[in-house]
Amino acid sequence: TPCAAPQPPPPAATFDTAHSWLGFEVRTRFGQRMAGEFPRFEGQVEYLPDGRHRVRLRIATSEARIPDRPRYTAWMRSQSFFDAIRHPWMEFVSEPYEPALLRAGGPLRGRLTLRRVSRDQELDGAPAACARPRVHCDIQAGGAIERADYGMREWQFALSDEVRMEVRVRLLDPAP
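Only a predicted model underlies this, so the values are computations on that prediction, with no experimental measurement involved.

*Asks:* Can you walk me through the nonpolar core in this structure?
*Replies:* As a rule of thumb, nonpolar side chains are buried together in soluble globular proteins. Membership of the largest hydrophobic core comes to 40 residues, with the highest contact counts inside it found for Phe 24, Phe 38 and Phe 81. The element best represented in this core is strand E10 (residues 159-169), accounting for five residues. Setting aside residues no more than four positions away along its own chain, Phe 38 makes contact with Leu 22, Gly 23, Phe 24, Ile 59, Ala 60, Ala 64, Phe 82, Met 90 and Met 165.

*Asks:* Help me understand the pairing of strand E5 (residues 53-60), please; the structure alone is not making it clear to me.
*Replies:* For a regular strand, side chains alternate in direction, first toward one face of the sheet and then toward the other. Here strand E4 (residues 41-47) runs beside E5; their pairing, made up of seven bridges, is antiparallel. What sits directly across from Val 45, in E5, is Val 55. Where E4 folds back onto E5 in an antiparallel hairpin, the turn is made up of five residues, including Gly 51, whose phi is positive at roughly 95 degrees. Of the strand pairs in this sheet, E5 and strand E6 (residues 89-94) are connected by five bridges, and their pairing is antiparallel.

*Asks:* Any chance you could explain the sheet that holds E6 here in plain terms?
*Replies:* In a beta sheet, neighbouring strands pair by backbone hydrogen bonds and run either parallel or antiparallel. Overall, antiparallel pairing links the 10 strands, which are arranged E1-E4-E5-E6-E7-E8-E9-E10-E2-E3 in an open sheet. Edge positions in the sheet fall to strand E1 (13-14) and strand E3 (33-37), since each of these pairs with one other strand and no more.

*Asks:* What should I look at first to understand unusual backbone geometry in this one?
*Replies:* What you tend to see is this: most non-glycine residues have negative phi, and most peptide bonds are trans. The phi torsion at Arg 115 lies on the positive side, around 55 degrees, for a residue other than glycine. Take Arg 115: it is sitting in the loop between strand E7 (106-114) and strand E8 (117-125). The exposure class of Arg 115 is buried, given its relative accessible area of 16%.

*Asks:* Is there a simple way to explain the side chain of Thr 61 in this structure?
*Replies:* Tracing the backbone through its elements, the reader meets Thr 61 in the loop between E5 and helix H1 (70-77). Every residue in contact with Thr 61, bar those within four places of it in the chain, is listed here: Arg 77, Phe 82, Ala 84, His 87, Pro 88, Trp 89, Met 90 and Leu 114.

*Asks:* How do you make sense of the pattern of salt bridges when you look at a structure like this?
*Replies:* In the structure shown here, the tally under the stated rule is 13 salt bridges. Put simply, Asp 50 and Arg 52 hold a salt bridge, and the shortest N to O gap is 2.8 Å. Looking at Arg 52, the relative accessible area reads 28%, which means it is partly exposed. Asp 138 serves as the salt-bridge partner of Arg 170, at 2.7 Å between the closest nitrogen and oxygen. With a gap of 32 residues between them, Arg 170 in the segment after E10 and Asp 138 in the loop between E8 and strand E9 (139-146) connect regions that are remote in the sequence. In this structure Arg 170 comes out as partly exposed when scored by relative accessible area, which is 24%. If you follow the salt bridges from partner to partner, you end up with Glu 25, Arg 27 and Arg 33 in one network.

Scoring rules and cut-offs
- Residues numbered from 1 in each chain as written.
- Predicted model: local features only at pLDDT ≥ 70, side-chain atom pairs only at ≥ 80, totals over all residues.
- Heavy atoms only, no water.
- Core = buried A, V, L, I, M, F, W, Y, C linked by side-chain atoms within 4.5 Å.
- Buried < 20%, exposed > 50% of the residue type's maximum accessible area, 1.4 Å probe, protein only.
- Helix = DSSP H or I, 4+ residues; strand = E, 2+ residues; numbered from the N terminus.
- Contact = heavy atoms within 4.5 Å.
- Pairing = 2+ DSSP bridges.
- Salt bridge = Lys/Arg side-chain N within 4 Å of Asp/Glu carboxyl O.

In structure tokens form, the structure reads like this:
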């Protein structure tokens, strides 16, 4: 019997930005929570030839905002924090992972580049709330970065070093 040629993986599935949400939270040393969001981002899930997947996500720090708080929004985009003029995007590229991770939850490891600094980071994927995550329910993940790891050392007397990130994603192409 002739050997079948290997099938190329399907094209990448893009994030449905209209039905996805990315947010962040920073706490002050005085107990106040500043919750923000990233209204502009682009992402995709690549289907690798070995059956695993990889996520690529670009987030516009230049459009990060804290709703109804224009002064805090301006500060988040300033040199003191995201330095969005010089670094308008941050990027996360995951390590390849098994598709079952989306249903079961667990660590999603990858590399985050922010302010020209690249570091290994891990997001904690939540178990799926439905049988077909990506299509019928959100893929949810969260994690934390340390501001100082990415050169954001100002305001340490007033702000916690930890920035919590939250991701809720749907995909446009429900391929594999």
